[in-house]
Amino acid sequence: MSVDHAQHPEIRETARPPTLHLALAREGPAAVLRVGGPLDLATVDRLVDLVDRLVGGGPPPVLALDLSGVTFFCAAGVNALLTVRRRVASAGCTLVVREPSRITVKVLDIVGLTDEFTTE
């Protein structure tokens, strides 16, 4: 058997898609939700679900969404932020966006929503 006819073991790439990291902390009466990684179609449901659970059971007066660790932000992320803002407001909370990453600021600027969020 020649080298050309030898069977090659199947090569599989095991690259994992980047994952979303969510960490919840308290700062006095405020809840701080730190977001890291991509906010895209594959990850935004986790963010929205966590916010729903947070505001569903005795919501904090302020929810600070720390977006400093967001590495990718697209239309799905924009929609998720708008959904979070609406649900937080419906629960009687105030949403504050804290330290949005450069990509987050850029995309919100492109879609004309920079001034729609209270930022720190």
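Everything below is about the structure printed above this text.
Residues numbered from 1 in each chain as written. Predicted model: local features only at pLDDT ≥ 70, side-chain atom pairs only at ≥ 80, totals over all residues. Heavy atoms only, no water.

(A) Focus on the overall build of the protein. Regarding its fold elements, the protein presents 3 helices and 4 strands. Going through the 120 residues of the protein one by one, you find that 38% of them count as buried. Restricting to contacts in the protein with at least 6 residues of sequence separation, those with at least 24 account for 66%. Taken as a whole, the protein presents about 7,600 Å² of accessible surface, with 54% of it coming from carbon and sulfur. (Helix = DSSP H or I, 4+ residues; strand = E, 2+ residues; numbered from the N terminus. Buried < 20%, exposed > 50% of the residue type's maximum accessible area, 1.4 Å probe, protein only. Contact = heavy atoms within 4.5 Å. Areas by Shrake-Rupley, 256 points an atom, 1.4 Å probe, with all protein chains shown as cover.)

(B) Spotlight on helix α2 (residues 75-90). A rise of 1.5 Å per residue sets the reference length of α2, with its 16 residues, at 22 Å; its end C-alpha atoms lie 23 Å apart and thus fit the reference within 8%. Of all the residues in α2, the buried ones are A76, G77, V78, A80, L81, T83, V84 and V88. Those residues of α2 hidden inside the fold are in contact with β2 (30-39), α1 (44-56), β3 (62-73), β4 (94-98) and α3 (102-110). Count one or two residues on from α2 and you reach G92, which has phi positive near 85 degrees. (Expected span 1.5 Å × (residues − 1).)

(C) A look at the pairing of strand β1 (residues 21-27). Looking at chain direction, β1 and β2 are connected through 7 bridges and run antiparallel. Paired with A25 across the two strands is V32, which belongs to β2. Between β1 and β2, which pair antiparallel and follow one another directly, the connecting turn spans 2 residues, one of which, G28, has a positive phi of 65 degrees. (Pairing = 2+ DSSP bridges.)

(D) Spatial organisation of the side chain of T104. With respect to the helices, strands and loops of the structure, T104 is situated in helix α3. Setting aside anything within four residues of it in sequence, one finds T104 in contact with L67, V70 and F73.

(E) Quick peek at the side chain of R98. Along the polypeptide, R98 turns up in strand β4. Within the local environment of R98, its side chain forms a polar contact with the side chain of E27, the two groups lying 3.2 Å apart. If we ignore the near neighbours within four places in the chain, the residues touching R98 are E27, V32, A64, L65, D66, L67, S68 and E120. (Polar contact = N/O pair within 3.5 Å; in protein donor to acceptor, adjacent residues only side chain to side chain.)

(F) Main features of unusual backbone geometry. Positive phi is not limited to glycine here, since E99 has a value of about 45 degrees. When you line up the elements, E99 lands in the loop between β4 and α3.

(G) Quick look at the pairing of β3. Strand direction decides the pairing type here: β2 and β3, joined by 8 bridges, are parallel. The partner of R34 across the bridge, within β3, is D66. Each parallel crossover has a hand, and the one from β2 via α1 to β3 is right-handed. Across 5 bridges, the pairing between β3 and β4 is parallel. In the sheet register, A64 faces β4, and the bridge partner there is V96. Note that the unit made of β3, α2 and β4 has a crossover that is right-handed. (Right-handed = clockwise from strand over helix to strand, strands pointing away.)

(H) Broad picture of α3. Every buried residue belonging to α3 is among T104, V107 and L108, and all of these are buried. Seen end-on, α3 carries its buried residues on one side only, within an arc spanning 100 degrees. Residues R102 and I110 are exposed on α3 and point more than 90 degrees away from its buried face. Buried positions along α3 lie against β3 and α2. Phi turns positive one or two residues past the end of α3, at G112, with a value near 75 degrees. (Arc of directions from axis to C-beta.)

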